[in-house]
Amino acid sequence: MTNGEVALLGIRHHGPGSARAVAAALAQWRPDAVLIEGPAEADAVVHLAAEKDLVPPVALLAHAVDDPAKAAFWPYAEFSPEWVAIRHAVDHDLPVRFIDLPAGYGFAPFTDADADADADDADDHAADGAGPDELPTDPLALLAEAAGHDDPERWWEDVVEHRTPGADALAPFAAVAEAMGALRAEGLGESRRDQLREAHMRQQIRAARRAGHRRIAVVCGAFHVPALETMPTVAHDRALLAGLPKKVRVDITWIPWTHRRLSQATGYGAGVQSPGWYHHLFTAVGDPVPRWLTRAAELLRAEDHPVSSAHVIEAVRLAETLAVLRGRPLAGLTETLDAVRAVLCEGSDVALELVRERLVVGDALGEVPDAAPAVPLQRDLARLQRSLRLKPAAAPRDLDLDLRKDTDAARSRLLHRLRLLGVEWGVPARSSVNSTGTFRESWRLCWQPEFAVRIAEAAQWGTTVEEAAVNKAVGTARAAVELAELTGLVETCLLAGLSGALPAVMRVLADCAALDTDVAHLAGALPALVRALRYGDVRGTERGALAGAAAGLAERVCVGLPPACVGLDAESAAAMRARIDEVHGAIALLDPAASGTDTDTGTDTGGLAERWAAALRSLARREPTAGPATGAPGLLRGRAVRLLLDDDRLDSEEAGRRLRLVLSVANSPAEAAGWVEGFLTGGGALLLHDPRLLALLDEWLGGVSGEVFTDVLPLLRRTFAGLEAGVRTTIGGRVAAGPLGAAPAAPEAVGELDPDRADAAVPVLAVLLGVGPKIPRQRAGRNT
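Position labels on residues start from 1 in each chain and follow its written sequence. For this predicted model, a pLDDT threshold of at least 70 governs which residues receive local features, and a threshold of 80 or more governs which side-chain atom pairs are given and counted, while totals over whole chains, interfaces and linings are taken from all residues. In computing side-chain values, all of the structure's heavy atoms are included and hydrogens and water are not.

Draft legend 1. View of the overall build of the protein. The helix and strand tally for the protein stands at 36 helices and 11 strands. A 1.4 Å probe rolled over the protein chains alone gives each residue an accessible area, and that area as a share of the maximum for its type sets the label: buried under 20%, exposed over 50%, partly exposed in between. Buried positions account for 48% of the 784 residues belonging to the protein. Any two residues having at least one pair of non-hydrogen atoms within 4.5 Å are treated as being in contact. Within the protein, contacts between residues at least 6 apart in sequence are counted, and of these 74% link residues at least 24 apart. Summing over all exposed atoms, the protein offers an accessible surface of approximately 36,700 Å²; the carbon and sulfur share of this is 52%. By definition, any uninterrupted DSSP run of H or I lasting at least four residues is a helix, any uninterrupted run of E lasting at least two residues is a strand, and each is numbered from the N terminus. Accessible surface area values rest on a Shrake-Rupley calculation with a 1.4 Å probe, where residue burial reflects the displayed protein chains alone.

Draft legend 2. Fine view of a negative patch on the surface. The grouping of Glu-51, Asp-53, Glu-367 and Asp-370 at the surface amounts to a negative patch. Examined against the element boundaries, Asp-370 turns out to sit in the loop between α16 (349-361) and α17 (376-387). A patch consists of residues exposed above 30% relative accessible area that lack any salt bridge, with like charges linked at up to 9 Å and nonpolar side chains (Val, Leu, Ile, Met, Phe, Trp, Tyr) linked at up to 5 Å. Any carboxyl oxygen of Asp or Glu that lies within 4 Å of a side-chain nitrogen of Lys or Arg is treated as forming a salt bridge with it. Only four residue types enter the tally: Lys and Arg on the positive side, Asp and Glu on the negative side; His and the chain ends are excluded. Where a charge lies is defined by one atom per residue type: Lys uses NZ, Arg uses CZ, Asp uses CG and Glu uses CD.

Draft legend 3. The arrangement of helix α10 (residues 234-241) in detail. Of all the positions in α10, only Asp-237, Leu-240 and Leu-241 are classed as buried. The buried residues of α10 occupy an angular sector of 90° when the element is viewed end-on, so they sit on one face. Away from its buried face by more than 90 degrees, α10 exposes Ala-235, Arg-238 and Ala-239. Where α10 is buried, its residues touch α8 (192-210). What the arc describes is the spread of directions from the helix axis to the C-beta atoms.

Draft legend 4. Quick look at the pattern of salt bridges. As enumerated under the stated definition, the model contains 32 salt bridges in all. Notably, a salt bridge pairs Asp-408 with Arg-411, separated by 3.4 Å at the nearest N-O pair. Pair noted here: Asp-408 and Arg-411 are both in helix α18 (residues 406-420), with a separation of three residues, about one helical turn.

Draft legend 5. Region of the structure containing the packing of helix α1 (residues 16-29) against helix α2 (residues 81-91). Every axis in this analysis is a line fitted to C-alpha atoms, fitted for helices over the stretch in contact. Angles between the N-to-C directions lie between 0 and 180 degrees. At a minimum axis distance of 8 Å, the contact between α1 and α2 shows a crossing angle of 30°. Comparing the axis directions of α1 and α2 gives the class roughly parallel. In terms of crossing hand, the pair formed by α1 and α2 is right-handed. Of the residues in α2, those in contact with Ser-18, Ala-19, Val-22, Ala-23, Leu-26 and Ala-27 of α1 are Pro-81, Val-84, Ala-85 and His-88. In this count, Pro and Cys sit with the nonpolar residues alongside Ala, Val, Leu, Ile, Met, Phe, Trp and Tyr, while Asp, Glu, Lys and Arg are called charged and the others, Gly among them, polar. A class-by-class count of the residues in the contact of α1 with α2 yields eight nonpolar, two polar and no charged. Put simply, angles under 35 degrees are roughly parallel, angles over 145 are roughly antiparallel, angles from 65 to 115 are roughly perpendicular, and the rest are oblique. Crossing handedness is read from the near helix: turned anticlockwise from the far helix by less than a right angle, it gives a left-handed crossing, and turned clockwise, a right-handed one.

Draft legend 6. Highlighting the sheet that holds strand β9 (residues 397-402). Taking strand neighbours across the sheet as the criterion, the three strands line up as β9-β11-β10 in an open arrangement whose pairing is antiparallel. Since the sheet does not close on itself, it has two edges, and those belong to β9 and β10 (426-428), each with one partner. Within this sheet the neighbouring strands show an average axis-to-axis angle of 35°, counted without direction. At least two DSSP bridges between two strands are required for those strands to pair. Two strands pair when backbone bridges link them, and β10 and strand β11 (residues 440-445) are joined in this way by three bridges, in the antiparallel orientation. For Val-427, the partnering residue across the bridge sits in β11 and is Arg-444.

Draft legend 7. Spotlight on the side chain of Asp-100. Residue placement: Asp-100 occurs in strand β6 (residues 96-100). Here Asp-100 falls in the buried class, since its relative accessible area comes to 5%. Polar contacts, as counted here, are pairs of nitrogen or oxygen atoms within 3.5 Å of one another; within protein the pair requires one atom able to donate a hydrogen and one able to accept it, and residues that are adjacent in sequence qualify only if both atoms are side-chain atoms. Only 2.8 Å separates the side chain of Asp-100 from the side chain of Arg-197, close enough to count as a polar contact.

Draft legend 8. Quick peek at the sheet that holds strand β5 (residues 71-76). Read across the sheet, three strands follow the order β5-β4-β8 without closing on themselves; strand pairing throughout is antiparallel. On the outer flanks of this sheet lie β5 and β8 (250-256), each paired with one strand and no other. Strand-to-strand, the axes of this sheet are offset by a mean angle of 20°, without reference to chain direction. Relative to β8, strand β4 (residues 58-64) runs antiparallel, the two sharing seven bridges. Within the sheet, the bridge partner assigned to Ala-59 lies in β8 and is Ile-255. Against the sheet, helix α19 (residues 451-458) makes contact with β4, β5 and β8, and its axis sits at roughly 30° relative to β4, the strand it touches most.

Draft legend 9. Structural context of the confidence of the model for the protein. Scored from 0 to 100, pLDDT reflects the predictor's confidence in each residue. Considering every residue of the protein, the mean pLDDT works out to 81; 84% of them sit at 70 or more. Every residue in residues 537-541 scores below 50 in pLDDT, and together they form 14 contacts with partners more than four places removed in sequence or on other chains. Taken together, the stretch residues 593-605 has pLDDT below 50 and engages in 27 contacts with residues farther than four places along the chain or on a different chain.

Draft legend 10. The packing of aromatic side chains, seen in detail. Only rings of Phe, Tyr and Trp enter the pairing, Trp through its six-membered ring, and a pair is recorded when the two centres are within 6.5 Å. The plane angle decides the type: under 30 degrees is stacked, over 60 is edge-to-face, the rest tilted. According to the stated counting rule, one finds eight aromatic pairs in the structure shown. A centroid spacing of 4.9 Å and a plane angle of 50° characterise the contact between Phe-73 and Trp-257, whose relative ring orientation is tilted. Placement of the pair is Phe-73 in strand β5 and Trp-257 in the loop between β8 and α11 (259-262), with a sequence separation of 184 residues. With relative accessibility at 12%, the residue Phe-73 sits in the buried group. Seen from their ring centres, Trp-83 and Trp-254 are 6.1 Å apart, and the 85° between their planes marks the pair as edge-to-face. Here Trp-83 is found in helix α2, whereas its partner Trp-254 is found in strand β8, with 171 residues between them in sequence. On the basis of relative accessible area, Trp-83 is assigned to the buried category, the value being 5%. What makes Trp-254 buried here is its relative accessible area of 3%. Here a set of aromatic residues connected by ring pairs shows up, and it is made of Tyr-76, Trp-83 and Trp-254.

Draft legend 11. Region of interest: the nonpolar core. In these notes, a set of buried Ala, Val, Leu, Ile, Met, Phe, Trp, Tyr and Cys residues joined through side-chain atoms within 4.5 Å is what counts as a nonpolar core. Counting 88 residues, the largest nonpolar core has Val-490, Leu-498, Leu-526, Ile-580, Trp-612 and Phe-679 as the members making the most contacts within it. Once residues within four sequence positions are removed from consideration, Trp-612 is found in contact with Val-557, Cys-558, Leu-561, Ile-580, Val-583, His-584 and Ile-587. In terms of nonpolar packing, the next biggest core, distinct from the first, is built from 43 residues, Leu-26, Trp-29, Tyr-76 and Trp-83 among them.

Next up, the structure:
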C-alpha cells in the first residue's frame, strides 16, 4: 500500500503471482527509487543485473572475509518479485538499494542478551532474510484457516498466484498488508532479530526521502509491511540498532543458482517445492496448463513413453474438471499432476517422478558475467573450465576420460584437484566403457551452487587450482595421524598430478610408517600405495620413492601378519580378512612375477610374492591349541588356504586334507563354519571342480546335532549367499541328485578326428583370430 511518498509492496519470496503483481504495481506507481529487502552490501553489485550475461536463477553470495565458511545466500529466480523489481529499476535507470541489515551483522555473534531473546527463533531467521512462510507459526496457515481452507499453499495459489492484476495494481498489496497487520496485532512471530531488521529498513526509507526521492517503492516480505507502515521515531530505531554487534568484513558477489537448489527449504525466504512449475506460470503466455502438459508429453515421448496429442487433450480436460470439482478457480499443480499420472503416465509413478524431476523442479542453472567479483581461485577455475570445455551444469551427466589424450588427462587432474579442495563437482563412477585399463576414468558431474563457498574457503591455499591443491595436500599430510590417510593422500596427489606436493607428503609418510607398528594399519595403507604405482605409465609420474615405500610396507606386513591375527574376535577377524584380500591383490601387482626386482624403478622386491605366500602358510597353521585366544580365527586360516590354492601354491588334495581336519569333531562347529566362510568367500566354483570338497562339507553338515546346526546356520547362509547364483544352483542340483564325492561322469567318447576336415577349418579360424590373411568368402563357406 502507499504511505505518502512510499509504496509498500508486501510479497511472498519466489512467488510468480507476487512477481506479476510487483511488475504491474511498479508500472502504475512509476517510482523514482526502488528499495528491496536484502543485504545492504549488495548495493555494490546490483548494477550487474543490467548485464545480459546475468541470467537467473542466480544468488547473492556474502561471506566473511576472514572466515569464508560463514556465508549466506539470497537466491533470485526469474519469477522472484525482488528480481522483477531489480530489473524494473535497471531498465528504467532508477536507483535501487538493498535495505535489510548488512550481512556483516549476521555473521557477528550477538550479545548474551540478544542470544537469549532469540533462543526460540534462531532457526527460523537466518542472515538471508525471512518471508511470511518461515515464521514459527505460519501466518499463511492462519489466513487460510480463516478463509476455510486446510492447505495454505493451495489457498495462496488460488488467491494470489492465479490472480490476474486488475485495474488498481496496488489494491492486492493493501489487502495483504491489512491481513498481516491483523496477525501482527496478535503478537504473531515477532522476534528480536525482526525488530532490528525492520528498524534498519525504516532508517533506509528515511535516507531515501532525505536524498530527495518523492515516489519510493519498497519491495519486502509481506510480514514486514505493518512495521514499515507506522514508523516510530528516529530515536526509537537508533536505540534499537545501538545494540548490534561489531560488523564483520564481508565480500559479496553474484553466483549461479539452480532451480533444484530453490526447491530445498533453505536460503532466502525458504524454498519452493516447484520452481520449474512456477517459472512456467510466470513466463507462459495464455493458459499455462495446456502448454505445460504439452511439455510433459514431449518429455515422456523423448523417454520412449507412448504419448499422443489425444493424451494431452484428455489430460487438459481432466485437470480442468478436477479444479471444478475441488472448487478452485483454475487447475493448479495438484490437478495437473493428477492428470499427468492418470492419462500421460497411465498410472505409473515412475514416469510421474520423471515429470516431477524435469518439469516441476527443473535443472535450470543460472549464468554470471565475468565482471562479477570473484576470488582469484574462482577465476582460475573458470579459465580451466573454458579451456577444457567442461561447462558446469546442474543436471548430472557422465564423463568418460581416456587418459592417453592430453585434454582428458588435464580434465582428470582438474577434477581430482577439486576433490582434494572439497569441491565434489565430479565423483568417480563406474565406467560405461568395458575396459579395466588404468587409462580409463569415468565421472559423474553435477554442479552445486554451494561450491562457490567451498572455493572461497579453498582460496586460503592459493590463487590457482594447482597451487591451492598442492598447499592443501601438504597441509593435510602434516595434520594426518593415520598411515592409511597418508597413503590415500599420496594416491590422490598422483591422480591429481601434484608433483610439487609429493616430496613433502612422502617424507611425512616415511616418518609415520617407521613409527607405526600396527600391522592392521600397515595392511590398510599398502593397497593405496600399490594402486598409485599403476598410474605411472599413463600419468608420467615418478615412481621410485613410491615403489620403495610400498615394498617396505609389504615386507613389514609379511613379517607381522601371522602373529597379528592371533586372538582376534569375530568383528576384528572380519576386518582383517578384508585387509588380507586387499594386500594379496596389492602384492600381486607389486611383484607380479616374483622376480625380485621392479624393472621400472629398479627397486629390489626380493621375491616379495614368495614371502607373502610364506606368511599365508604360517597363518594357515596358526590353529588354537588351548582356546580361541591361542590361535588365529578359522575365518582367517580358511582364507589363507583359499588364497594359496588360487595361486597354485597349494594343491586341491592338500586343501581337502585341511578341510577334513577342520570339519573333524576335534574342532567346534562355529570354528569350522568360520573356516568354511573364509575358504569359500570370493567364489564357490572349486566345490564343483573338486566333488570331494563338496562331499566333505555335506558329510559334516549331516553329522552335526540340531542345536549346533541352528547355531552355525547364519554363518553358512551368509557364506553361500555370497556365491554366484549359477554355482548355488549347480551345488543344489548335485546334492539333490544323490551321493557326493564321485567325479562327474566323463563325456561320451567321440569318433576319431578327421585330419582333412580339421585342416579345412584352419584358414577360417586364422581369419577370425586375426592371425592369417583374409580369404575369399565363398572359399570359407566351402571349407566349413
